[in-house]
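Structure assessment
Residues per chain, in single letters:
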Amino acid sequence: MAGGKSTAADLGAYLCFEDEAGQGLRPPKGRTWAPVGARPVVAVRGKGSRRVNMAGVVAYRDGERPHLSYRLHVYRGRKGEPKSFSWIDYQDLIVAVHQHLGAPLVWCWDNLNVHLAGQLAEFAAENADWLRIVQLPAYAPELNPVEGV
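All of the points below concern the structure found in this document. For clarity, every value in this text was computed on a predicted model and none was experimentally measured.

Calculation notes
- Residues numbered from 1 in each chain as written.
- Predicted model: local features only at pLDDT ≥ 70, side-chain atom pairs only at ≥ 80, totals over all residues.
- Heavy atoms only, no water.
- 1 Å grid on protein atoms, 1.4 Å probe; cavity = no way out; pocket = protein on both sides within 12 Å on 5 of 7 lines; lining within 4 Å.
- Points joined across faces, edges and corners; volume = space filled by probe spheres on them.
- Helix = DSSP H or I, 4+ residues; strand = E, 2+ residues; numbered from the N terminus.
- Nonpolar A, V, L, I, M, F, W, Y, C, P; charged D, E, K, R; others polar.
- Salt bridge = Lys/Arg side-chain N within 4 Å of Asp/Glu carboxyl O.
- Pairing = 2+ DSSP bridges.
- Axes fitted to C-alpha atoms, helices over the stretch in contact; angles between N-to-C directions.
- Contact = heavy atoms within 4.5 Å.

**Points about the layout of surface pockets**
Put simply, the largest pocket is a space of about 160 Å³. Along the wall of the largest pocket there are ten residues; nearest its centre are A8, A13, Y60, R61 and D62. Broken down by secondary-structure element, the contributors of at least two residues to the lining of the largest pocket are α1 (2–11) and β1 (14–24). Grouping the amino acids of the lining of the largest pocket by side-chain chemistry returns six nonpolar, one polar and three charged.

Right under this line is the structure:
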């Protein structure tokens, strides 16, 4: 991580940590009792195929307060609808954070397969004047401060 920190300091950039999480909207299973031989009926509402995903970004720069940005993706179970964020959604998130902060970014994230998409690597190469991408180790939640958000 020290390499990312010195890169951010050299560029006057924000050090950004990104992570995503999801939550299914299926209601929890209910439990109850019934007399022996009688089947209990517990009514729950909702189809159960819906899902909400969130991508959060915490941005730090020396001498300034941290900034939190996020995007939501709601999956409603419709035919042909994407279930989670695509590479273009992550690209849009990076651009939105850059426009909001108005400064270069050093972007740190995990090795999710979408993060490793060739289109995002091309995007980073095209915008190398304000964007550097740093991959975190395969499983290192302690290095990513946005994990707790």
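Once the structure has been displayed, the description carries forward.
**Re the pattern of salt bridges**
Under the defined criterion, the tally for this structure stands at one salt bridge. In this structure, the salt-bridge partner of E64 is R61, at a minimum N-O distance of 2.9 Å.

**What about the sheet that holds strand β4 (residues 105–109)?**
Ordered in space as β3-β2-β1-β4-β5, the five strands form an open sheet in which the pairing is mixed. The two strands at the open ends of the sheet, each matched to only one other strand, are β3 (67–75) and β5 (131–135). With strand direction ignored, the average angle separating the axes of adjacent strands in the sheet is 20°. Here five bridges tie β4 to β5, and the two strands are oriented parallel to one another. Bridge pairing links L105 to L131 in β5. Its contacts with the sheet put helix α2 (residues 87–101) on β1, β2 (51–60), β3, β4 and β5, and the angle it makes with β4 is roughly 140°.

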